[in-house]
Amino acid sequence: MQHYTEWLLNRFSEGYVLSRNPLFPNKVTRYELTPYMVDCVVFCSKDYSPILPRLREITDRFNTYFHYTITAYGRDVEPGVPSIDDSIDTLVRLSEQVGKQRVAWRYDPVLLTDRYTAETHLETFERMATEIAPHVDRCIFSFVEMYKKLDRNMPELVPLTDEDKDILAKGLGSIAARNGMTIQTCGTNGDYTRYGIRSSGCMTLDILGRANGVEFRNLKHRGMREGCHCIESRDIGAYDTCPNGCRYCYANNRPERVAENMKLHDPDSPLLLGHLMPEDIVMQGSQRSFLKVIP
């Protein structure tokens, strides 16, 4: 969204989007983007400043929820991400516009290097929490998953031990409590409830319902991957499209591929990258409402 704002707004204006299957590229799924077919639009970004001036084009029509990722890392790890201070300023403006009950602060992934030690994390998190806590619904954190590509992208990573995780969880839980902020894990194995940290999904029907003043049916949360407790959703993004260059990112393989893909982007296309080709097979995506009362 940070780099594709015009495209996203165009998709909601036209009422549908096309998503290419990353494993079978000639298979394309169509999703309807209307209030009758979408229960809630969930955003996840590290910079909402490009869309803030026009965000009401979506929030006035749809239930929404916003995940805002702000970490302790600098440009050595997140080269294209705004500074902490700029990010907090944008988060506050977002919260004022949509309401704090619709904004979650993501502090993830938590990783260790010689520069970003457990002590550094806790010091930075405490400074950030004092400013952010009054403007968010909750804080969500997770420990970095050691994907194979991280050996190449971040060789300086220090593997997290169980002791490291315990120290970090205890500190994060204590800081959150002092600031009156709900804190939970996301897709992280381990029980840290003893530190006041909830173990739940970051996108459950309870969270989305309370944020928007609507009621969902009592359904089982199947999760999107192992260790996930979220309700099922549809992702309209694509791999290798974000130029931020975060070195821990699992969604980008090579920076040069991102640059190549961005040349294919057309804000007026229903696809994030490129256009429909003659050999493409378009199928209607499965969409069903979880609302108790469908408007």
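Use the structure listed above.
Residues numbered from 1 in each chain as written. Predicted model: local features only at pLDDT ≥ 70, side-chain atom pairs only at ≥ 80, totals over all residues. Heavy atoms only, no water.

**Thoughts on a nonpolar patch on the surface**
Next up, step 1: Together, Tyr 147, Tyr 239 and Tyr 250 make up a nonpolar patch on the protein surface, roughly 340 Å² of accessible area in all.
Next up, step 2: By secondary structure assignment, the location of Tyr 147 is in the loop between strand S6 (138-143) and helix H5 (150-153). (Patch = residues over 30% accessible without salt bridge, like charges linked within 9 Å, V, L, I, M, F, W, Y side chains within 5 Å. Areas by Shrake-Rupley, 256 points an atom, 1.4 Å probe, with all protein chains shown as cover. Salt bridge = Lys/Arg side-chain N within 4 Å of Asp/Glu carboxyl O. Helix = DSSP H or I, 4+ residues; strand = E, 2+ residues; numbered from the N terminus.)

**Re the nonpolar core**
Next up, step 1: Residues Leu 94, Trp 105, Tyr 107, Phe 125 and Met 181 are the most contacted members of the largest nonpolar core, which totals 66 residues.
Next up, step 2: In this structure, Leu 94 is in contact with Tyr 48, Leu 52, Leu 55, Phe 66, Tyr 68, Gly 99 and Val 103, ignoring residues within four places of it in sequence.
Next up, step 3: Counting 16 residues, the second-largest nonpolar core is a separate cluster that includes Cys 40, Cys 202, Leu 205 and Leu 208. (Core = buried A, V, L, I, M, F, W, Y, C linked by side-chain atoms within 4.5 Å. Buried < 20%, exposed > 50% of the residue type's maximum accessible area, 1.4 Å probe, protein only. Contact = heavy atoms within 4.5 Å.)

**Brief notes about the side chain of Ser 95**
Next up, step 1: By secondary structure assignment, the location of Ser 95 is in helix H3 (residues 84-98).
Next up, step 2: Within the local environment of Ser 95, its side chain forms a polar contact with the backbone oxygen of His 135, the two atoms lying 2.7 Å apart. (Polar contact = N/O pair within 3.5 Å; in protein donor to acceptor, adjacent residues only side chain to side chain.)

**Structural notes on the packing of aromatic side chains**
Here the distance between the centres and the angle between the planes together describe a pair of aromatic rings.
Next up, step 1: Tallied over the entire structure, the rule returns 11 aromatic pairs.
Next up, step 2: Ring geometry for Tyr 48 versus Phe 66: centroids 5.8 Å apart, planes at 70°, classification edge-to-face. Of this pair, Tyr 48 sits in the loop between strand S3 (41-45) and helix H2 (56-59) while Phe 66 sits in strand S4 (residues 64-69), and the two are 18 residues apart along the sequence. Judged on exposure class, the residue Tyr 48 and its partner Phe 66 are both buried.
Next up, step 3: When the centroid spacing of 4.9 Å and the interplanar angle of 15° are considered together, the rings of Trp 105 and Phe 125 count as stacked. Note that Trp 105 is positioned in strand S5 (residues 103-110) and Phe 125 in helix H4 (residues 118-132), a separation of 20 residues in sequence. (Phe/Tyr/Trp six-rings, centres within 6.5 Å; stacked < 30°, edge-to-face > 60°.)

**Some details on the side chain of Asn 63**
Next up, step 1: Looking at the secondary structure, you find Asn 63 in the loop between H2 and S4.
Next up, step 2: From its side chain, Asn 63 meets the backbone oxygen of Asp 39 in a polar contact 2.9 Å long.
Next up, step 3: For Asn 63, the residues in contact, after removing those within four places along its chain, are Asp 39, Cys 40, Val 41, Asn 212 and Val 214.

**Some words on the packing of H3 against H4**
Next up, step 1: Running from N to C, H3 and H4 cross one another at 25°; their axes reach a closest spacing of 11 Å. The angle between H3 and H4 falls in the class roughly parallel. When you trace H3 past H4, the crossing you get is right-handed. Contacts between H3 and H4 involve Ile 84, Asp 85, Ile 88 and Leu 91 on the former and, on the latter, Thr 124, Arg 127, Met 128, Glu 131 and Ile 132.
Next up, step 2: For the contact of H3 with H4, the class distribution of residues is 5 nonpolar, 1 polar and 3 charged. (Axes fitted to C-alpha atoms, helices over the stretch in contact; angles between N-to-C directions. Parallel < 35°, antiparallel > 145°, perpendicular 65-115°, else oblique. Left-handed = near helix turned anticlockwise from the far one by under 90°. Nonpolar A, V, L, I, M, F, W, Y, C, P; charged D, E, K, R; others polar.)

**Looking at the sheet that holds S5**
For sheets, the rule is that strands pair by backbone hydrogen bonds, running either parallel or antiparallel.
Next up, step 1: The strand order S3-S4-S5-S6-S7-S8 describes an open sheet built from 6 strands, whose pairing is parallel. Single-partner strands in this sheet number two, and they are S3 and strand S8 (198-199).
Next up, step 2: Pairing of S3 with S4, which is carried by 5 bridges, proceeds in the parallel orientation. Considered in S4, the bridge of Val 41 is made with Thr 64. (Pairing = 2+ DSSP bridges.)

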